[in-house]
Amino acid sequence: DVRLAYVAYGNRASNTPVTIRFAGGTKTAEINQREKPPIDGLFLSLGTFQLDDRSSILITNAGTDGYVVVDALQWLSVE
């Protein structure tokens, strides 16, 4: 499970692009950082992926409408 942590605030981007490169391909999600994350008010799950040594996550502010802030990123093993 890949999780992103941030604090929601009115001046944060409502369209933060997050691209995950994993063993099966690439997925891009658009995150609204104005909304409180659902997991303990801290984390948002981006999904479950088969990760390998070439996997990566790209978080950018390109084309966003506010500030992009990432407090933590978790890659959790799911069994």
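Right above here is the structure, for reference.
Residues numbered from 1 in each chain as written. Predicted model: local features only at pLDDT ≥ 70, side-chain atom pairs only at ≥ 80, totals over all residues. Heavy atoms only, no water.

Trainee: How would you sum up the overall build of the chain? Please name residues and give values.
Mentor: Helices and strands together make up the secondary structure of the chain, namely zero helices and six strands. Going from N to C terminus, the chain has its helices and strands arranged as β-β-β-β-β-β. The C-alpha radius of gyration of the chain comes to 12 Å, within 12% of the 12 Å expected for a compact globule of 79 residues. Taken along its principal axes, the extent of the C-alpha atoms in the chain is 35 × 30 × 15 Å. (Helix = DSSP H or I, 4+ residues; strand = E, 2+ residues; numbered from the N terminus. Rg over C-alpha atoms; globule rule 2.2 N^0.38 Å.)

Trainee: How would you explain the environment of Asp53 if you had to name every residue and give the values?
Mentor: The topology assignment puts Asp53 in the loop between β4 (43–47) and β5 (56–59). Judged by relative accessible area, which is 76%, Asp53 ranks as exposed. Remark: the alpha-carbon pair of Asp53 and Gly24, spanning 29 residues in sequence, is separated by 13 Å. (Buried < 20%, exposed > 50% of the residue type's maximum accessible area, 1.4 Å probe, protein only.)

Trainee: Please give an account of the sheet that holds strand β6 (residues 72–75) that cites residues and values.
Mentor: If you trace the three strands from one edge of the open sheet to the other, you get β4-β1-β6, paired in antiparallel fashion. Single-partner strands in this sheet number two, and they are β4 and β6. Across this sheet, the average inter-strand angle for adjacent strands is 25°, counted without regard to direction. Taken together, the four bridges between strand β1 (residues 2–5) and β6 define a ladder with antiparallel strand orientation. Its bridge partner being in β6, Arg3 is matched across the sheet by Gln74. (Pairing = 2+ DSSP bridges. Axes fitted to C-alpha atoms, helices over the stretch in contact; angles between N-to-C directions.)

Trainee: Lay out the environment of Asp1 in plain terms, naming residues and giving numbers.
Mentor: Locating Asp1 in the fold gives a position in the segment before β1. A relative accessible area of 14% means that Asp1 is categorised as buried. Setting aside its immediate chain neighbours within four residues, Asp1 contacts Ser45, Gly47, Thr48, Gln74, Trp75, Leu76 and Val78. Reaching out from Asp1, the side chain makes a polar contact with the side chain of Arg3 at a distance of 2.9 Å. (Contact = heavy atoms within 4.5 Å. Polar contact = N/O pair within 3.5 Å; in protein donor to acceptor, adjacent residues only side chain to side chain.)

Trainee: Describe the sheet that holds strand β3 (residues 25–31), listing the residues and the values that go with them.
Mentor: Across the sheet, three strands lie side by side as β3-β2-β5; this open sheet has antiparallel pairing. What marks the edges here is a single partner per strand, and that holds for β3 and β5. Direction aside, the axes of adjacent strands within the sheet are offset by 15° on average. Pairing analysis gives seven bridges linking strand β2 (residues 16–22) to β3, with the strands arranged antiparallel. When the sheet's bridge partners are listed, Pro17 is paired in β3 with Glu30.

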